There are 2 protein chains.
Amino acid sequence: LAHAQTEPFDLGQDNREIAQALGQAALDSDLAYEITESLTTEVGPRLAGTPQEARARDWAVEMLEELAFENVRIEPFELDLWTRGHSVYEEVAITAPYPQELYAISLGGAGATPEGGLEAEVVFFDSYDALLASDADEDALEGKLVFVNDRMVASRTGEGYGWANRKRRDAWVLAEDRGALGVLIRSVGTSTNRFAHTGMMSFPDGRRPDIPALAVSAPDADQLERLHEMGETVSITMRTYAGWRGEVMSGNVIAEITGSEAPDEIVIIGAHLDSWDTATGALDDGAGVGIVTAAARLIAESGHRPRRTIRVVLFGAEEVGLVGARAYANARMEDGTVGDHIIGSESDFGAREVWRLRSNVGEHALPEIDAIHRELQSLGLVRGDNSGGGGPDMIPLQYMGVPMVRLEQNGEDYFEFHHTPNDTFDKIVPEEMAQNVAAWTMMVWLLANSETDFRPQAPQAEASE
Amino acid sequence: LAHAQTEPFDLGQDNREIAQALGQAALDSDLAYEITESLTTEVGPRLAGTPQEARARDWAVEMLEELAFENVRIEPFELDLWTRGHSVYEEVAITAPYPQELYAISLGGAGATPEGGLEAEVVFFDSYDALLASDADEDALEGKLVFVNDRMVASRTGEGYGWANRKRRDAWVLAEDRGALGVLIRSVGTSTNRFAHTGMMSFPDGRRPDIPALAVSAPDADQLERLHEMGETVSITMRTYAGWRGEVMSGNVIAEITGSEAPDEIVIIGAHLDSWDTATGALDDGAGVGIVTAAARLIAESGHRPRRTIRVVLFGAEEVGLVGARAYANARMEDGTVGDHIIGSESDFGAREVWRLRSNVGEHALPEIDAIHRELQSLGLVRGDNSGGGGPDMIPLQYMGVPMVRLEQNGEDYFEFHHTPNDTFDKIVPEEMAQNVAAWTMMVWLLANSETDFRPQAPQAEASE
Ligand SMILES: [Zn+2]
Ligand SMILES: [Zn+2]
Ligand SMILES: [Zn+2]
Ligand SMILES: [Zn+2]
């Protein structure tokens, strides 16, 4: 019956009307905007493992209880703390051929310079690939500073980020192995701002860098590039204080709307509570906290209780390596409830309009996701493919087999602000945020009121004809 | 003969053809762009009175001699040095009700906090006018920090700047007189960037502040505004090191193309060599240095020597109160050559396209300025009125009676970058800069080849009919 597969899925007239009413209520609500304003104003920067992140958890518990969520709780976990060690500024300057201060910032996980700082010559690499290919002269980096000059490409999907991030994550390993005293990279991000983009490095097999590693703002990277093109030997001095500080506590904040008919079936929606230290984390990810919380609350206050439980998880320690997401998934492995997670999704890409719905569900469930997309279409959404993820904090659950959907936001200018001091509340447009909440509210309602198992189904014996 | 006044002025066919050829050569040249690149790359930030400004003078002399200018010389003058005293960063943070670091920067001329810093409550004023009107309770500012929250309006003419600048220039006097421990202002400038806009304060009767005075970035000013609107009492801690450091030397750099027929008649074109300490001063005013130098050089290399002398003056110490411009004008008073200055103009408003020609000349000369405008019209220029100035460094000469013209640039986004760390070379668009140079080259040629005295003429007895 090939015909049956293309027949539109029927969400049900009542169900659709409730969804549409919820969407309209979301467009008329400024709850998400207010939540994000409150978090950024009353907590501000909240680096994973710091007292500020603990304040964010307390803030979240109070906020979720005020909004009448059920089962509000903190699930604590341990974390190795890394901090910059000295305000949010780093001291970096060109000393030769032309002295000039640079605007730069340590990457997450970096080591510090020796006390009193260091000065060394720069070895210039056009790209991370050029660094990888540069093993001809094994001693060329000994006692030097490595600079890697890749540029990021801006796009709606933000897909230039992963590529540009290779140098941020991995350049230090090669540099340190070959005796370099430190690593500098052109700031990841698409901005021509003097602020550089921070972010966590990678630690293969748990190894951590002893050397400092910093991002240099784009205009300052331009300066290094110009000096290199002039054929000049460039020397840089720097003094930084970054390092690992030992074990501390972090935690995830969890709240629920208990399902009416299938309370053990969980639609999990998330965002992360921590931010980088240089900004108030309005776009990353205060906006997500506002959007998913408001979507759940709008459903709770509609008078229509969904079949399934909606679980809001505000993850801790996302920025430093999905530590909260891993802790959550591991805890669900231990209590045996991974299989209760019917489907998951996260909002963690700013607050610009949602433009695409992607999914990662079993083939049999595609007509239903397509039907959900049709309900959201008037908000300006296209239907993406079925190879998506749910967002960074959904990765561990997705590895464990939990199906995912994602409402993708326009990321064209996300990396103008992301992980820099400019990620502040004024960058959020209330109308765009309300469109997000509308899409989320409708989608979450329809998923939480569904009876479908979205996991890929084992092939069944063909029905007899 | 009323008719004669509206008859178009005839610039002469040859003269016009030379002007048009010069304009085309300018559009094809990247000399201005290269000069600005060299200044920002090889000198960088160059605060008035510092060794960096001295390096800029040496750079300028070498550059002007390489370009075969005549009479290249430095005219030194004395200057009281003010510096920030501690890198380009200031330590400012909200301590209550919600601790959060602020991005702020001392205003030029400000005092420092006591050693070890200070902490005080904030008294919030919506505007500078509100501060002015607030004398009801004389003791309300005693021991407090004054915050003034005016916003600047962006516009093509940049005319919102003067209005927004009142708080920067003058708020400290009232605050200090009433016992305040310091002044904070919302950053002048139109940007939502986390960098705050610096700039010089006013010193009525030579009085200088003992208290610190800082600009707070717009997103941080938003934070103070939100806390104020919540009814919270806000406390701020700060530690700054700014102050006056005593007498040092600065200087103007002068170069000429000697006129063929009237070498003592001077068309003076200027820009300023100094910049603020936080940026490389590409737009303010490296671009002006490039534009006026390139315009003069394009004339010099054309093979057509103008009647009059073209004098390029790269002023020192503009940012700190037109110190170089005053020194230049006073020196011309002393050597009796103010009257030789036929007309003046400066480029000091970035590098966006020129869109308007304004003037300040005698009525009799308007038809000629109108004719010059017609030659430039194809570059996209409108003709402004006759009440303009020549640019900041032309003010002292204009007071002394020197006529002025000005090629006004589009300033819509100038104050996104101006006086912040973001004023860097990458913000200049080569094609827009070349359009500037074309307009300048044509205008300067036509003025330098004119025989007209542009000063207002004493009324003459009517000719007998
Ligand atoms: Zn994030
Ligand atoms: Zn992030
Ligand atoms: Zn200027
Ligand atoms: Zn200026």
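Quick summary incoming for the structure in this document.

Time to look at the coordination of the zinc ion (ligand 4). All names here are of chain B. The protein atoms that coordinate the zinc ion (ligand 4) are Asp284 (OD), Glu319 (OE), Glu319 (OE) and His419 (NE2), at distances of 2.0 to 2.4 Å. Considering all four donor atoms around the zinc ion (ligand 4), angles at the metal cover 58 to 141 degrees and the coordination shape is irregular. The sequence pattern formed by the donor residues of the zinc ion (ligand 4) is D-x34-E-x99-H. In this structure, the zinc ion (ligand 4) is positioned 3.3 Å from the zinc ion (ligand 3), and both are ligated by Asp284. In this pair, Asp284 sits in helix H8 (residues 282-300) while His419 sits in the loop between strand S16 (404-409) and helix H12 (430-448), placing the two residues 135 residues apart along the sequence. Both residues of the pair, Asp284 and His419, belong to the buried class.

This part takes up the interface of chain B and chain A. At the interface, 36 residues of chain B touch 36 residues of chain A. Here chain B meets chain A over a buried area of about 2,900 Å², counting both sides, of which 51% is carbon and sulfur. Counting every contact that joins chain B to chain A gives zero salt bridges. The tally of links between chain B and chain A comes to 16 residue pairs in polar contact (both at pLDDT 80 or more).

Let us look at the coordination of the zinc ion (ligand 2). All names here are of chain A. Binding of the zinc ion (ligand 2) to the protein goes through Asp284 (OD), Glu319 (OE), Glu319 (OE) and His419 (NE2), at separations of 2.0 to 2.4 Å. The coordination sphere of the zinc ion (ligand 2) comprises four donor atoms, whose angles at the metal cover 59 to 141 degrees; the geometry is irregular. Summarised as a motif, the one-chain spacing of the donors to the zinc ion (ligand 2) is D-x34-E-x99-H. A gap of 3.3 Å separates the zinc ion (ligand 2) and the zinc ion (ligand 1), which Asp284 links by coordinating each metal. Of the two residues, Glu319 sits in the loop between strand S12 (308-315) and helix H9 (323-334) while His419 sits in the loop between helix H12 (414-417) and helix H13 (430-448), which places them 100 residues apart along the sequence. Accessibility assignment for this pair places Glu319 and His419 in one class, buried.

A few words on the relation of the copies chain B and chain A. What connects the two chain copies is a rotation about an axis and a shift along it. Structural alignment of chain B on chain A gives an RMSD of 0.0 Å, achieved by rotating through 180 degrees and translating 0.0 Å along the axis. Taken together, the rotation angle and the small translation identify this as a two-fold axis. Of the interface residues in chain B, 100% have counterparts in chain A that sit at the interface too, so the contact is made through matching surfaces.

All right, on to the packing of helix H3 (residues 31-42) of chain A against helix H8 (residues 282-300) of chain A then. Residues and elements named next belong to chain A. Two numbers describe how H3 lies on H8: the axes approach to 8 Å, and their chain directions differ by 135 degrees. Put simply, H3 runs oblique to H8. Crossing of H3 over H8 shows right-handed handedness. Across the interface between the two elements, Leu31, Ala32, Ile35, Thr36, Leu39 and Thr40 from H3 touch Ala282, Gly286, Ala287, Val289, Gly290, Ile291, Thr293, Ala294 and Arg297 from H8. Grouping the constituent residues of the contact of H3 with H8 by class yields nine nonpolar, five polar and one charged.

All names here are of chain B. Judged by pairing direction, the sheet is mixed, and its eight strands sit side by side in the order S3-S2-S9-S5-S6-S7-S8-S4 without closing on themselves. Two strands bound the open sheet, and with one partner strand each, they are strand S3 (100-102) and strand S4 (104-106). For this sheet, the mean angle separating the axes of adjacent strands, direction not counted, is 30 degrees. In this sheet, strand S8 (residues 213-216) lies alongside S4 in antiparallel orientation, the contact comprising three bridges.

The rules behind these values
- Per chain, the residues get numbers from 1 upward, laid out in the order the sequence is written.
- The lettering of chains begins at A and the numbering of ligands begins at 1, in the order of writing.
- Given that the model is predicted, a residue must reach a pLDDT of at least 70 before its local features are reported, and side-chain atom pairs must reach 80 or more before they are shown or counted; all residues, however, enter totals for whole chains, interfaces and linings.
- Just so you know, side-chain values use all the structure's heavy atoms and leave hydrogens and water out.
- Only nitrogen, oxygen and sulfur atoms within 2.8 Å of the metal, or 3.2 Å for Na, K and Ca, are treated as donors, and water is left out, so sites may look incomplete.
- Geometry is assigned from donor-metal-donor angles: four donors are tetrahedral when every angle falls between 85 and 135 degrees, four are square planar and six octahedral when opposite donors sit over 155 degrees apart with all other angles between 65 and 115, and any other arrangement is irregular.
- A run of H or I in DSSP counts as a helix once it spans at least four residues, and a run of E counts as a strand once it spans at least two, with each numbered from the N terminus.
- Partly exposed describes any residue whose relative accessible area lies between the buried limit of under 20% and the exposed limit of over 50%, with all areas from a 1.4 Å probe on protein chains only and scaled to the type maximum.
- Throughout, a contact is declared for two residues whenever any of their heavy atoms are within 4.5 Å.
- Throughout, the accessible surface (probe 1.4 Å) given up by two parts as they are put together, summed over both, is called the buried area.
- Salt bridge, as used here, is a side-chain nitrogen of Lys or Arg placed within 4 Å of a carboxyl oxygen of Asp or Glu.
- For the purposes of these results, a polar contact is taken to be a pair of N or O atoms within 3.5 Å, where, inside protein, one atom must be able to donate a hydrogen and its partner to accept one; residues adjacent in sequence count only when each atom of the pair is a side-chain atom.
- We superpose the copies by least squares over the C-alpha atoms of residues that have a pLDDT of at least 70 in both of them.
- Here the axes come from fitting lines to C-alpha atoms, over the contacting stretch only for helices, and the angles between their N-to-C directions go from 0 to 180 degrees.
- By the definition adopted for this analysis, an angle is roughly parallel if under 35 degrees, roughly antiparallel if over 145, roughly perpendicular if from 65 to 115, and oblique otherwise.
- Left-handed describes a crossing whose near helix is turned anticlockwise from the far helix through less than a right angle; right-handed describes the clockwise counterpart.
- The classification used treats Ala, Val, Leu, Ile, Met, Phe, Trp, Tyr, Cys and Pro as nonpolar, Asp, Glu, Lys and Arg as charged, and all other residues, Gly among them, as polar.
- Following DSSP output, two strands are said to pair if at least two bridges run between them.

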